[in-house]
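Survey of secondary and tertiary structure
If you want the building blocks of each chain, they are given just below.
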Amino acid sequence: MKKTGNNIFRTLRVFFGLFMVIVYLGMAYLMFINFFDWNTSLTWFRYVLAVVFMLYGVYRCYRQVTGVDYYRNRRDDDEED
């Protein structure tokens, strides 16, 4: 039998994970379009940051979809059976 609190915790983790994916991909987009109006001498740094934000956002999205973040909860569910 599953606990209700555990389901609420998982739901909150899913929403937070999706929110963070949107934040990282949004920051990558803002860096690419130069939303913060950085100096032209820092263009290379802006693109490096944009690529890093994009790669990390994709990585977090992959972890969210595959459920890698929920190893603790899976172990707890296995022990209950």
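Refer to the preceding data block for the structure.
Reference entry: report on the structure contained in this document. Values in this document were obtained by computation on a predicted structure and should not be read as measured data. (Residues numbered from 1 in each chain as written. Predicted model: local features only at pLDDT ≥ 70, side-chain atom pairs only at ≥ 80, totals over all residues. Heavy atoms only, no water.)

Turning our attention to the environment of isoleucine 33. With respect to the secondary-structure elements, isoleucine 33 resides in the loop between α1 (4-32) and α2 (43-66). Remark: the alpha-carbon pair of isoleucine 33 and arginine 46, spanning 13 residues in sequence, is separated by 9.5 Å. (Helix = DSSP H or I, 4+ residues; strand = E, 2+ residues; numbered from the N terminus.)

Take the side chain of arginine 60 next. One can find arginine 60 in helix α2. Sequence-distant contacts of arginine 60, defined by excluding residues within four places in its chain, comprise Phe16, Gly17, Met20, Val21 and Tyr24. (Contact = heavy atoms within 4.5 Å.)

Between its first and last C-alpha, α2 extends 35 Å over 24 residues, near the 34 Å set by a 1.5 Å rise per residue. Within the sequence span of α2, burial applies to Arg46, Ala50, Gly57, Arg60, Arg63 and Gln64. Directly after α2, the chain includes glycine 67, whose backbone phi takes a positive value near 80°. (Expected span 1.5 Å × (residues − 1). Buried < 20%, exposed > 50% of the residue type's maximum accessible area, 1.4 Å probe, protein only.)

So, on to the packing of aromatic side chains. Inspection of the entire model under this criterion finds seven aromatic pairs. On the basis of an interplanar angle of 90° and a centroid distance of 4.9 Å, the ring pair of tyrosine 24 and tyrosine 56 is categorised as edge-to-face. Here tyrosine 24, found in helix α1, pairs with tyrosine 56, found in helix α2; they are 32 residues apart in sequence, far enough to count as distant. Using a relative accessible area of 33% as the deciding quantity, one classes tyrosine 56 as partly exposed. A centroid spacing of 6.1 Å and a plane angle of 15° characterise the contact between tryptophan 38 and phenylalanine 45, whose relative ring orientation is stacked. Exposure remark for phenylalanine 45: the relative accessible area of 34% places this residue in the partly exposed category. Members of the aromatic cluster, connected to one another through ring pairs, are Tyr24, Phe53, Tyr56 and Tyr59. One Lys or Arg, arginine 46, reaches over the ring of tyrosine 47 and ends 4.6 Å from the middle of that ring. (Phe/Tyr/Trp six-rings, centres within 6.5 Å; stacked < 30°, edge-to-face > 60°. Lys NZ or Arg CZ within 6 Å of the ring centre and 35° of its normal.)

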